[in-house]
Structures are given as C-alpha cells and as structure tokens.
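As a plain string of letters, each chain reads:
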Amino acid sequence: MSMPTQGSGLDSGYHPAGAPHTADEVRGSSLGELMRQVTTDLSTLMRQEVDLAKAEIRQEGKKAGKAAGLFGGAGFGGYMVALFLSVALWQALDNVLDSGLAALIVAVIWAVIAAVLYSMAKKNAERIRGLKQTNDSVQRIPDALKPHPEGVTR
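These numbers come from a predicted model, not from an experiment.

**Side note on the confidence of the model for the protein**
For the protein, per-residue confidence averages 80 on the pLDDT scale, and 79% of positions sit at 70 or higher. Of all the helices and strands in the protein, helix α4 (residues 132-139) carries the lowest mean pLDDT, 75, while helix α3 (residues 99-125) carries the highest, 92.

So, in structure tokens, the structure goes:
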C-alpha cells in the first residue's frame with residue numbers, strides 16, 4: 001500500500017529536460033519523488049553517453065571499413081606487381097649468380113621492405129584516436145556520481 005504524497009511535487013508543471021527545479025518545488029516533493037527524478041536524470045545521462053559512443057563507433061567504423069577495403073585492393077595489386085618484379089629480378093640475377101644465391105638476395109630485399117612497412121604501420125596504429133568525444137564527455141560526469149570506496153563506512 002503506497003502513501004499519498006503531499007505538496008505539488010516535481011511533476012507539477014512543464015520542465016524541459018535538464019531544467020533545474022526551484023527550491024519550493026524541491027521542498028514540496030517527497031523523498032520518493034526526488035529519488036525518482038535523480039534516477040531518471042541519471043538514466044537519461046547514461047543512455048545519452050551510450051548513444052554518443054554508438055554514434056562515434058559507427059562513424060569511425062565506416063571510415064575504417066572503407067579504408068580497409070581500399071588497402072586490401074591496393075595490397076593485392078601491389079602483391080602482384082611485387083611477385084612479378086621479384087621473379088624478373090631473380091631471373092636477371094640468375095644470369096650472373098647461382099640460382100640459389102639469386103633467390104636469397106631477392107628474399108633479403110623483401111625482408112628489408114617488410115621491416116620498413118611494419119615500422120610505418122606501427123606508427124600509424126599508434127595514432128588511432130579511439131572514442132575521444134565519449135571519453136571527454138564521461139570525464140565531465142560529476143564526481144558525486146562516481147564511486148568513492150575509501151569514503152564509504154558501514
């Protein structure tokens with residue numbers, strides 16, 4: 001059985017989302033109404049943060065997907081060029097050197113190229129920005145909403 005509330009309460013008028021209530025409205029509200037409002041506001045805040053994160057992930061994911069597809073196509077084309085140039089170089093060196101030594105020289109050249117490409121890829125991977133807007137927004141959540149276990153007493 002629930003108890004009826006006294007006073008005008010928090011629902012006694014139009015308040016745009018996020019609009020503060022006056023002191024008289026808060027004083028005239030029950031503890032249950034105040035807790036409901038805090039819970040609603042907190043739920044709205046968390047829902048908005050999740051929506052922002054989803055939007056950012058979608059936006060960055062589309063960019064990454066398009067870039068990955070283009071890199072894949074370019075990589076295959078580059079692979080074919082590298083394959084045929086390698087065979088041509090091997091054949092050219094085979095005219096001057098032993099066949100095994102010619103193949104080893106081509107392999108060493110490709111090892112150097114692979115090391116340079118790996119180094120460049122690692123530098124580029126470190127520049128991925130992640131969810132910058134979401135992270136900045138979450139950092140602005142008031143400290144009162146964050147847990148402080150060292151201050152909790154039982």
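There's plenty left to go through after this.
**Things to note about the pattern of salt bridges**
As enumerated under the stated definition, the model contains 1 salt bridge in all. A salt bridge links K63 to E60, with the nearest nitrogen and oxygen atoms 3.6 Å apart. Placement of the pair is K63 and E60 together in helix α2 (residues 31-94), with a separation of 3 residues, close to one helical turn. Looking at E60, the relative accessible area reads 23%, which means it is partly exposed.

**Some details on α2**
Each full turn of the α-helix corresponds to 3.6 residues, which orients residues three or four apart in the same direction. When the terminal C-alpha atoms of α2 are compared, their 89 Å separation across 64 residues agrees well with the 94 Å that a helix rising 1.5 Å per residue should span. Contacts from the buried residues of α2 go to α3 and α4.

Rules used throughout
- Residues numbered from 1 in each chain as written.
- Predicted model: local features only at pLDDT ≥ 70, side-chain atom pairs only at ≥ 80, totals over all residues.
- Heavy atoms only, no water.
- pLDDT = per-residue confidence, 0-100.
- Helix = DSSP H or I, 4+ residues; strand = E, 2+ residues; numbered from the N terminus.
- Salt bridge = Lys/Arg side-chain N within 4 Å of Asp/Glu carboxyl O.
- Buried < 20%, exposed > 50% of the residue type's maximum accessible area, 1.4 Å probe, protein only.
- Expected span 1.5 Å × (residues − 1).
- Contact = heavy atoms within 4.5 Å.

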